[in-house]
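Structure at a glance
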Amino acid sequence: APRRDQLVAERQARLSEIQLRTRLAKREVQLATERLHQALQALEPLRDTSKDAELSRLAKVAFDAGEGSLIELLDAYQSESDLQLARIDLQWEARRAAIALETSRGLGVPR
């Protein structure tokens, strides 16, 4: 009877551990999915790159016509660069989130 009670207690401890690890794994997948979704959602407005250089082009035209200063032209180029870097940062974050999701699902390289 004592051995049986010990085995029952060990079984219950193992089942509790399995349940805990299962909940933690599901939560990790959920968090990684949310992180990926948020990164992709933040990236969505920046997908169209056709208008990125518009401000720089207008600033260049104004500068060439003598209606804009060199500072304004440089600010326009800086804004364009900042936008491109923000896009790259969001793409990187989305990729990291995708890797974390794959890893949490057991599809990636183990930690």
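What comes next concerns the included structure. Since the structure is predicted, the reported quantities are computational estimates derived from the model, not experimental observations.

Broken down by element type, the protein chain carries 3 helices and 0 strands. Taken from the N to the C terminus, the helices and strands of the protein chain come in the order α-α-α. The globule rule puts the C-alpha radius of gyration for 111 residues at 13 Å, and the 27 Å found for the protein chain is more than 25% above it. The buried share of the protein chain, taken over its 111 residues, is 16%. If you take every contact in the protein chain between residues at least 6 apart in sequence, the share linking residues at least 24 apart comes to 68%. Of the roughly 8,700 Å² of accessible surface on the protein chain, 58% is carried by carbon and sulfur atoms. Taking the average place of the 18 positive charges on the side chains of the protein chain and the average place of its 18 negative ones, the gap between the two points comes to 17 Å.

Compared with an ideal rise of 1.5 Å per residue, which puts 42 residues at 62 Å, helix H1 (residues 2-43) spans 61 Å between its outermost C-alpha atoms and is within 8% of the ideal. At its buried positions, H1 is contacted by helix H3 (70-104).

The next thing to look at is the environment of Glu 102. Mapped onto the fold, Glu 102 is located in helix H3. In this structure the C-alpha to C-alpha distance between Glu 102 and Ala 59, which are 43 residues apart in sequence, comes to 44 Å.

Together, Phe 63, Leu 70, Ile 71, Leu 74 and Tyr 77 line one region of the surface with nonpolar side chains, adding up to about 470 Å² of accessible area. Looking at the nonpolar patch, the element that brings in the most residues is H3, giving 4 residues. The class of Leu 70 is partly exposed, set by a relative accessible area of 47%.

Attention now goes to H3. Along its 35 residues, H3 runs 50 Å from first to last C-alpha, staying within 8% of the 51 Å computed at 1.5 Å per residue. Taken together, the buried positions of H3 are Leu 73, Ala 76, Glu 80, Arg 87, Ala 94, Ala 97, Ala 98, Leu 101 and Ser 104. Backbone geometry just downstream of H3 places Gly 106 in the positive-phi region, at approximately 85°.

This brings us to the packing of H1 against H3. Following both chains from N to C, one finds H1 and H3 inclined at 160°, their axes separated by 8 Å at the closest point. Taken together, the axis directions place H1 and H3 in an arrangement best described as roughly antiparallel. Two packed elements cross with a definite hand, and for H1 against H3 that hand is left-handed. Along the contact surface, H1 presents Glu 28, Val 29, Ala 32, Thr 33, Arg 35, Leu 36, Ala 39, Leu 40, Ala 42 and Leu 43, while H3 presents Arg 87, Leu 90, Gln 91, Glu 93, Ala 94, Arg 96, Ala 97, Ala 98, Ala 100, Leu 101 and Ser 104. Looking at the contact of H1 with H3, its residues break down into 13 nonpolar, 3 polar and 5 charged.

Cut-off values and rules
Residues numbered from 1 in each chain as written. Predicted model: local features only at pLDDT ≥ 70, side-chain atom pairs only at ≥ 80, totals over all residues. Heavy atoms only, no water. Helix = DSSP H or I, 4+ residues; strand = E, 2+ residues; numbered from the N terminus. Rg over C-alpha atoms; globule rule 2.2 N^0.38 Å. Buried < 20%, exposed > 50% of the residue type's maximum accessible area, 1.4 Å probe, protein only. Contact = heavy atoms within 4.5 Å. Areas by Shrake-Rupley, 256 points an atom, 1.4 Å probe, with all protein chains shown as cover. Lys, Arg positive; Asp, Glu negative; His and termini not counted. Charge placed at Lys NZ, Arg CZ, Asp CG, Glu CD. Expected span 1.5 Å × (residues − 1). Patch = residues over 30% accessible without salt bridge, like charges linked within 9 Å, V, L, I, M, F, W, Y side chains within 5 Å. Salt bridge = Lys/Arg side-chain N within 4 Å of Asp/Glu carboxyl O. Axes fitted to C-alpha atoms, helices over the stretch in contact; angles between N-to-C directions. Parallel < 35°, antiparallel > 145°, perpendicular 65-115°, else oblique. Left-handed = near helix turned anticlockwise from the far one by under 90°. Nonpolar A, V, L, I, M, F, W, Y, C, P; charged D, E, K, R; others polar.

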